[in-house]
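Spelled out from the first residue to the last, the chains are:
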Amino acid sequence: MARRAYGDLTNCTYLLALRLDCFWPNRLVDDFFIKVHRQYFQDCSLSGRLLHDPPNRILGPFIMVPVLVTLLMTALVVWRSKRSEGIV
């Protein structure tokens, strides 16, 4: 229900900005949305919407794979450059 209300409010501000020949979105529209949210959703809980780091078992491969690929490519370039030094 709140999503539909925000959608309707977005459309309203967009049409108003077009009629007034203003850019949309703009700072005034952002401030208006913040005021509306503070007034009508002041007791809105932030739990469940906060971003958390993923567990280490998921985060680990995203860190280790690029590190290993970088080390492998560096070793390959060094090995290849030493190998081709004797070829004229």
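Everything discussed here concerns the structure shown above.
Residues numbered from 1 in each chain as written. Predicted model: local features only at pLDDT ≥ 70, side-chain atom pairs only at ≥ 80, totals over all residues. Heavy atoms only, no water.

Chemist: Explain the overall build of the protein here, please?
Modeler: When you go through the protein residue by residue, the secondary structure sums to three helices and zero strands. The order of α-helices and β-strands along the protein, N terminus first, is α-α-α. In the protein, buried positions account for 7% of the 88 residues. Accessible surface, the protein as shown: approximately 8,600 Å² in total, 65% of it carbon and sulfur. (Helix = DSSP H or I, 4+ residues; strand = E, 2+ residues; numbered from the N terminus. Buried < 20%, exposed > 50% of the residue type's maximum accessible area, 1.4 Å probe, protein only. Areas by Shrake-Rupley, 256 points an atom, 1.4 Å probe, with all protein chains shown as cover.)

Chemist: Please explain the packing of aromatic side chains as it appears in this structure.
Modeler: Both the distance between ring centres and the angle between the ring planes are used here to describe each pair of aromatic rings. Under the counting rule described, the total for this entry stands at two aromatic pairs. Note on Tyr14 and Trp24: the rings are 5.3 Å apart at their centroids and 80 degrees apart in plane angle, and the pair reads as edge-to-face. Of the two residues, Tyr14 is situated in helix 1 (residues 2–19) and Trp24 in the loop between helix 1 and helix 2 (27–40); the sequence distance between them amounts to 10 residues. Judged by relative accessible area, which is 37%, Tyr14 ranks as partly exposed. Ring centres of Phe32 and Phe33 lie 6.4 Å apart, and the angle between their planes is 80 degrees; on these two criteria the pair is classed as edge-to-face. (Phe/Tyr/Trp six-rings, centres within 6.5 Å; stacked < 30°, edge-to-face > 60°.)

Chemist: Would you mind showing me how to read a nonpolar patch on the surface here?
Modeler: A cluster of nonpolar side chains, contributed by Ile63, Met64, Val67, Leu68 and Leu71, occupies part of the molecular surface with about 470 Å² of accessible area. Inspection of the secondary structure puts Ile63 in helix 3 (residues 56–83). (Patch = residues over 30% accessible without salt bridge, like charges linked within 9 Å, V, L, I, M, F, W, Y side chains within 5 Å. Salt bridge = Lys/Arg side-chain N within 4 Å of Asp/Glu carboxyl O.)

Chemist: How should the pattern of salt bridges be read in this particular structure?
Modeler: Opposite charge on two side chains permits them to pair, given that their charged atoms come into close proximity. Under the criterion given, the structure shown has one salt bridge. Measuring nitrogen to oxygen at the nearest pair gives 3.7 Å for the salt bridge that ties Arg27 to Asp31. With Arg27 and Asp31 both in helix 2 and four residues apart, this pair spans about one turn of that helix. Residue class for Arg27 comes out exposed when judged on its relative accessible area of 62%.

Chemist: I would appreciate a short explanation of unusual backbone geometry in the present structure.
Modeler: For residues that are not glycine, phi is negative in most cases, and the peptide bond is trans in most cases. Following Trp24, the chain continues into Pro25 via a peptide bond in cis, with omega recorded as -5 degrees. Inspection of the secondary structure assignment puts Pro25 in the loop between helix 1 and helix 2. Of note in the backbone geometry, Asp21 takes a positive phi value of approximately 60 degrees without being a glycine.

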